[in-house]
Amino acid sequence: MSGRLAVVGLGPGDVRWLTPQADAALAAADALFGYGPYLDRAPVRNGQRRHPSDNRQEAPRARAALETAAAGSNVALVSGGDPGVFAMAATVCEQIESGPAAWRGLDVEIVPGVTAMLAVAARVGAPLGHDFCALSLSDNLKPWPVIERRLDAAAQAGFVIALYNPISQARPWQLTAALERLRRYLPATTPTVFGRAVGRADETVAVTTLQAADPAGADMATLVIVGSAETRLVPRLGHAPLVYTPRSASA
Ligand code: SAH
């Protein structure tokens, strides 16, 4: 079988965060698949077929990309950020696991990218400087009680928590509920960062506290980082404070 599939991370938005490997994979492809707005970030090149699809069409998109690769094309399937973080690489694995045996013979490469939490963290300092975890607040693919259990465990274990998919039109209350949950365990003053569309023209980054964190300040393009009890601010002269989590933790 001569076809191949590259699952390519585009990074959070800024082209300087597109790795040379990702750029090369896009350039080498003869067919590109992805959620429309992500696909729009891949430079248009002559002779390439482009197949945009809607959000939430992950499984059909992955199958279409696999079918096209199995037919002999060099396919790039794009994801925002890193393809392995709440994104298309796992969808592709699911489809290979449940799909035709021939798909297991395909040459599949996962091309990593800068995931949103790293970009947001870099904007404010080093909030992920010590142990942290990432959670998706989307209850499309897991029940809300599972999310609550994980939030409780993460906060009690002292992890800094990066919240992906905090809110959307279809999921308006989840971020409010999650923040309320975390307030049970963490100090009111815990630094909390809202990074929106980081690396894009409409980027906004706000640093607040867990007590004052307002879900109205978040949308689908926002990543929220809730610090641990160790996370702190370093005030500076003429510059925004640094938000960081020290590398050592007390018992
Ligand atoms: N694979 C992506 C994540 C997909 S889930 C990655 O690795 O970044 C989609 C969520 O990612 C969004 O709801 C938001 O929480 C976050 N996100 C993606 N791009 C972002 C950006 N440029 N700025 C802030 N958050 C972003």
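Refer to the structure printed above.
Worth saying up front: this structure is predicted, and the values here are computed from it rather than measured.

(A) Expanded view of the overall build of the protein. Secondary structure assignment for the protein yields seven helices and 13 strands. If one aligns the C-alpha atoms of the protein with their principal axes, the spans along those axes are about 55 × 40 × 35 Å. The 251 residues of the protein split such that 45% are buried. Working note: accessible area of the protein is about 12,200 Å², and carbon and sulfur atoms make up 54% of it.

(B) Geometry of the sheet that holds strand S8 (residues 160–164). The sheet built from five strands is open, its strands ordered S7-S8-S11-S9-S10 with mixed pairing. Across the chains shown, the open sheet's two edge strands, defined by having one partner strand only, are strand S7 (132–136) and strand S10 (204–209). Each neighbouring strand pair of the sheet contributes to a mean axis angle of 15°, computed without reference to strand direction. When S7 meets S8, the two strands line up parallel, connected through five bridges.

(C) Broad picture of the packing of helix H6 (residues 144–157) against helix H7 (residues 174–183). Contact geometry for H6 and H7: axes closest at 9 Å, N-to-C directions at 35°. When you trace H6 past H7, the crossing you get is right-handed. Along its contact with H6, which presents Trp144, Glu148, Leu151, Asp152 and Ala155, the element H7 presents Gln174, Ala177, Ala178, Arg181 and Leu182. For the contact of H6 with H7, the residue count by class is six nonpolar, one polar and three charged.

(D) Examining the site of the ligand more closely. Taken together, 20 residues form the shell around the ligand, and within it Asp82, Val85, Thr115, Met220 and Thr222 come nearest. Backbone polar atom of Gly80 to a nitrogen atom of the ligand: 2.9 Å apart, as the coordinates give it. Separating a nitrogen atom of the ligand from a backbone N or O atom of Ala197 is a distance of 3.4 Å. Alone, the ligand offers 540 Å² of accessible surface; in the complex the protein occludes 94% of this. The class makeup of the residues in the shell around the ligand is twelve nonpolar, six polar and two charged. Taken domain by domain, the makeup of the shell around the ligand includes at least three residues from each of domain 1 (4–111) and domain 2 (116–244).

(E) Just the packing of helix H3 (residues 58–70) against helix H4 (residues 88–98), in detail. Put simply, H3 and H4 touch, their axes get as near as 9 Å, and they point 70° apart. Taken together, the axis directions place H3 and H4 in an arrangement best described as roughly perpendicular. The handedness of the crossing between H3 and H4 is right-handed. Only Met88, Thr91, Val92, Gln95 and Ile96 of H4 make contact with H3, whose side of the interface consists of Glu58, Ala59, Arg61, Ala62, Arg63 and Leu66.

(F) Examining unusual backbone geometry more closely. Positive phi outside glycine occurs at Phe86, with the angle close to 50°. In this structure, Phe86 sits in the loop between strand S4 (74–79) and H4. Since its relative accessible area comes to 44%, Phe86 is described here as partly exposed. Positive phi values are uncommon outside glycine, yet Asn165 reaches one of about 50°. With respect to the secondary-structure elements, Asn165 resides in the loop between S8 and H7.

(G) Molecular detail of the side chain of Thr115. Assignment of secondary structure puts Thr115 in the loop between strand S5 (107–111) and helix H5 (116–124). Thr115 gets classed as buried once you look at its relative accessible area, which sits at 7%. Setting aside its immediate chain neighbours within four residues, Thr115 contacts Gly81, Asp82, Val85 and Tyr164.

(H) Main features of the environment of Leu32. Along the chain, the position of Leu32 falls in strand S2 (residues 31–35). As for Leu32 and Arg49, which are separated by 17 residues in sequence, their C-alpha atoms are 6.2 Å apart. Apart from residues no more than four positions distant in its own chain, Leu32 is found in contact with Leu26, Leu39, Gln48, Arg49, Arg50, His51, Ala76 and Val78.

(I) Inspection of the pattern of salt bridges at higher detail. Overall, the coordinates contain nine salt bridges when judged by the stated rule. Notably, a salt bridge pairs Asp14 with Arg16, separated by 2.7 Å at the nearest N-O pair. One salt bridge in this structure joins Glu203 and Arg123, with 2.6 Å as the shortest N-O distance. One end of the pair, Glu203, is in the loop between strand S9 (191–196) and S10; the other, Arg123, is in helix H5, and 80 residues separate them in sequence. On the basis of relative accessible area, Arg123 is assigned to the partly exposed category, the value being 39%.

Rules used throughout
Residues numbered from 1 in each chain as written. Predicted model: local features only at pLDDT ≥ 70, side-chain atom pairs only at ≥ 80, totals over all residues. Heavy atoms only, no water. Helix = DSSP H or I, 4+ residues; strand = E, 2+ residues; numbered from the N terminus. Buried < 20%, exposed > 50% of the residue type's maximum accessible area, 1.4 Å probe, protein only. Areas by Shrake-Rupley, 256 points an atom, 1.4 Å probe, with all protein chains shown as cover. Pairing = 2+ DSSP bridges. Axes fitted to C-alpha atoms, helices over the stretch in contact; angles between N-to-C directions. Left-handed = near helix turned anticlockwise from the far one by under 90°. Contact = heavy atoms within 4.5 Å. Nonpolar A, V, L, I, M, F, W, Y, C, P; charged D, E, K, R; others polar. Near = heavy atom within 4 Å. Polar contact = N/O pair within 3.5 Å; in protein donor to acceptor, adjacent residues only side chain to side chain. Domains from an automatic or database assignment. Parallel < 35°, antiparallel > 145°, perpendicular 65-115°, else oblique. Salt bridge = Lys/Arg side-chain N within 4 Å of Asp/Glu carboxyl O.

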